[in-house]
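# Coordinate analysis (summary)
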Amino acid sequence: MADLRTLLAAGLGLLLGVCCLLAPGAVVRVHTVGRRPHDRRGGYGADGDPSGRWLLLVRAVGVGFVLAGGYFGYVAVG
Amino acid sequence: MRHVGLKLRMAVVGSLLFGFYGVAAVVLMGMFGTNVFPLVIVGSVAFVGVQYKLGKWMALRSVGAEDLPEDRHPEIHRRVESLARDMRIDKPRLMIASMGVPNAFAVGRKGAGTVVVSQELLRTLDPDEVEGVLAHELAHIRNRDVVMMVLGQGIASIVAIVAQWAVLLTGDNDLADLFLAIVVGQLTQMLVMVFVFAISRYREYVADADAAREIGSGEPLASALEKISHSATRREDAGVDDQVNALCIFGDGGGLANLLATHPPVEKRIERLRS
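These lines cover the structure that appears in this document, whether it is placed above or below. (Residues numbered from 1 in each chain as written. Chains lettered and ligands numbered in written order. Predicted model: local features only at pLDDT ≥ 70, side-chain atom pairs only at ≥ 80, totals over all residues. Heavy atoms only, no water.)

## Re the overall build of chain B
Worth spelling out the cut-off: Segments assigned H or I by DSSP are reported as helices when at least four residues long, segments assigned E as strands when at least two residues long, and all are numbered from the N terminus. Relative accessibility decides the category of a residue: with a 1.4 Å probe and only protein chains considered, values under 20% of the type maximum give buried, values over 50% give exposed, and everything between is partly exposed. Should any heavy atoms of two residues lie within 4.5 Å, those residues are considered in contact.
Along chain B, the regular secondary structure elements total eleven helices and four strands. Along the first, second and third principal axes, the C-alpha atoms of chain B reach 65 × 45 × 35 Å. Out of the 275 residues belonging to chain B, those deemed buried represent 50%. In chain B, of all internal contacts separated by at least 6 residues, the share reaching a separation of at least 24 is 70%.

Here it is as structure tokens:
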């Protein structure tokens with residue numbers, strides 16, 4: 001039987017990876033809101049997107065989570 | 001009674017956040033014993049306090065904010081003084097920065113607030129529109145919105161750290177457990193922040209309504225938002241961020257991004273201000 005924690009690692013890792021790929025700006029915001037003014041970047045009255053470098057970094061981390069999730073999924077059911 | 005809707009929402013979200021924090025504290029005490037309770041409380045307060053102090057300092061430093069000279073901008077100082085008096089708060093420190101876009105933000109708390117406006121904002125908006133923006137920022141200070149966001153982020157971080165360590169300490173210390181701990185920490189923080197973001201969006205509406213009430217009309221702020229929103233659209237159309245957008249396969253305006261947004265859509269704010 002597949003190990004439950006490994007299965008969880010696979011499923012949740014994939015979920016987090018997809019979040020990082022789909023909404024990198026939102027993922028950065030989750031960590032920066034309250035630590036710095038959330039409306040410091042971008043125009044007034046809107047959530048400013050972080051710089052392109054940060055978006056790229058979060059997407060790269062997202063790819064890492066998807067790959068790692070896939071690997072643990074393979075280990076769990078393979 | 002002022003802001004009944006906000007108070008009710010804050011009661012619900014506050015209870016939820018307290019619940020999250022309570023679960024984290026119980027988990028910690030389950031792992032290390034009840035003796036750690038005072039340490040949990042002191043540690044949490046210190047964590048949020050440091051975050052607040054550092055956040056304010058970093059925000060002002062990161063935009064290179066300088067004091068707004070009263071001799072060069074006497075009208076802005078006069079308007080803020082008058083608004084602060086009407087709102088029954090101390091006049092906040094006024095600062096100016098070059099941010100590349102029309103923007104303004106508030107940091108600090110009632111009695112020790114700072115409002116930063118960008119040079120671009122002062123160049124783009126009419127004096128009445130600037131007053132609308134300043135009234136909105138002063139409302140944030142009066143309603144303690146900055147403090148609330150710091151507190152929400154603090155609780156989310158503490159709960160995430162505890163969730164991460166709980167997974168780590170109950171596992172076999174293999175690679176899958178380490179990965180699971182990191183993922184659970186991140187997802188937990190996101191989950192808690194969904195509630196913080198929800199109340200933040202509502203607080204924006206409240207600050208808009210307060211600003212409209214203080215200056216007697218919602219039109220100046222609505223007009224400011226409209227003007228800035230249009231200029232932002234033009235900038236995007238001009239391809240300023242093409243390099244970034246080219247790498248965005250899905251864009252960042254979907255459901256998740258909306259759920260994790262601190263501001264409501266500008267169109268809705270304008271509509272409410274004019275209604």
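## What to know about the pattern of salt bridges
Residues and elements named next belong to chain B. Convention followed: Take a side-chain nitrogen of Lys or Arg and a carboxyl oxygen of Asp or Glu: if they are within 4 Å of each other, that pair is a salt bridge.
Under the criterion given, the structure shown has 17 salt bridges over all chains. Linking Arg-93 and Asp-67 is a salt bridge whose minimum nitrogen-to-oxygen distance equals 2.9 Å. With Arg-93 in strand S2 (residues 93-97) and Asp-67 in strand S1 (residues 66-67), this pair connects stretches of sequence that are 26 residues apart. For Asp-67, a relative accessible area of 44% gives the class partly exposed. Here Arg-79 ties to Asp-128 by a salt bridge, and the two come within 3.5 Å at their closest N and O atoms. With Arg-79 in helix H3 (residues 74-87) and Asp-128 in helix H5 (residues 127-142), this pair connects stretches of sequence that are 49 residues apart.

## Re the side chain of Ser-157 of chain B
By the element assignment, Ser-157 of chain B lies in helix H6 (residues 145-169). Those residues in contact with Ser-157 of chain B, other than ones at most four positions away along the chain, are Arg-35 of chain A together with Phe-47 and Gln-189 of chain B.

## A word on the nonpolar core
Counted only if it meets this: The set of buried Ala, Val, Leu, Ile, Met, Phe, Trp, Tyr and Cys residues whose side-chain atoms join them within 4.5 Å is what this entry labels a nonpolar core.
Among the nonpolar cores identified, the biggest contains 48 residues, and Leu-16 and Phe-72 of chain A together with Phe-179, Met-190 and Met-193 of chain B are the most heavily contacted of them. Those elements giving two or more residues to this core turn out to be helix H1 (4-22), helix H2 (24-32) and helix H3 (52-77) of chain A together with helix H1 (4-32), H6 and helix H7 (175-215) of chain B. Of the residues forming this core, the biggest block, 13 residues, is contributed by H7 of chain B. With residues near it in sequence (within four places) discarded, Phe-179 of chain B still touches Ala-9, Gly-13, Phe-65, Ala-68, Gly-69 and Phe-72 of chain A.

## Considering the packing of aromatic side chains
Given two aromatic rings, their pairing is described by the distance between the two centres and the angle made by the two planes. This is how the line gets drawn: For this analysis, a ring pair means two rings from Phe, Tyr or Trp (six-membered ring only for Trp) whose centres lie within 6.5 Å, classed as stacked if their planes differ by under 30 degrees, edge-to-face if by over 60, and tilted for the remaining angles. Either the NZ atom of lysine or the CZ atom of arginine qualifies as a charge over a ring when it sits within 6 Å of the ring centre and within 35 degrees of the ring normal.
This model, assessed by the stated rule, comprises four aromatic pairs over all chains. With 5.8 Å between their ring centres and 45 degrees between their planes, Phe-65 of chain A and Phe-179 of chain B make a pair best called tilted. With one member in each of two chains, Phe-65 of chain A in helix H3 and Phe-179 of chain B in helix H7 form a pair that bridges those chains. By relative accessible area, which is 11% here, Phe-65 of chain A ends up buried. Centre to centre, the rings of Tyr-71 of chain A and Phe-72 of chain A are 5.3 Å apart; their planes meet at 65 degrees, and the pair counts as edge-to-face. A relative accessible area of 47% places Tyr-71 of chain A in the partly exposed class. Among the residues examined, Phe-72 of chain A registers a relative accessible area of 6% and is labelled buried. Residue placement shows Arg-9 of chain B over the ring face of Tyr-202 of chain B; its charged tip is 3.9 Å from the ring centre.

## Some details on the pairing of strand S4 (residues 112-118) of chain B
All names here are of chain B. For the record, the criterion: One requirement defines pairing of two strands: DSSP has to find at least two bridges between them.
Of all seven residues in S4, six are buried; the element is thus mostly enclosed. Inspection of the sheet shows S2 paired to S4 by five bridges, in the parallel sense. Residue pairing across strands places Leu-94 opposite Val-115, the latter belonging to S4. Relative to S4, strand S3 (residues 104-109) runs antiparallel, the two being bridged by six bridges. What sits directly across from Val-107, in S4, is Thr-114. Two successive antiparallel strands, S3 and S4, enclose a turn made up of two residues, where Gly-111 displays a positive phi of approximately 95 degrees.

## Let's talk about the packing of H1 of chain B against H6 of chain B
Residue and element names in this part refer to chain B. Heads up, the condition is: Fitted lines through C-alpha atoms serve as axes, helices being fitted only where they are in contact, and the angles separating the N-to-C directions of these axes extend from 0 to 180 degrees. In this scheme the crossing of two helices becomes right-handed for a clockwise turn of the near helix relative to the far one and left-handed for an anticlockwise turn of less than a right angle. Note on residue classes: Ala, Val, Leu, Ile, Met, Phe, Trp, Tyr, Cys and Pro are nonpolar, Asp, Glu, Lys and Arg are charged, and everything else, Gly too, is polar.
Orientation of H1 relative to H6, taken along the N-to-C sense of each, is 30 degrees, at an axis distance of 9 Å. As H1 runs across H6, the sense of the crossing is left-handed. Touching Met-10, Leu-17, Phe-20, Tyr-21, Ala-24, Val-27, Leu-28, Met-31 and Phe-32 of H1 are Met-148, Gly-152, Ile-155, Ile-158, Val-159, Val-162, Trp-165, Ala-166 and Leu-169, all from H6. Of the residues belonging to the contact of H1 with H6, the class tally is 17 nonpolar, one polar and no charged.

## Examining the interface of chain B and chain A
Put simply, the rule reads: In short, buried area is how much 1.4 Å probe accessible area vanishes from two parts on joining, totalled over both. Pairs of N or O atoms are called polar contacts if they sit within 3.5 Å, as long as, within protein, a hydrogen donor faces a hydrogen acceptor (for residues adjacent in sequence, only side-chain-to-side-chain pairs).
With 60 residues of chain B in contact, the opposing surface of chain A contributes 44 residues. For the pairing of chain B and chain A, the buried interface totals around 4,100 Å² over both sides, and the portion due to carbon and sulfur atoms is 66%. Our count for the contact surface shared by chain B and chain A stands at one salt bridge. Across the chain B-chain A interface, the total number found is seven residue pairs in polar contact (both at pLDDT 80 or more). If you tally residues by element for the side of chain B that touches chain A, the top one is H7 of chain B, at 16 residues. For the side of chain B that touches chain A, a count of residues per class yields 40 nonpolar, 15 polar and five charged.

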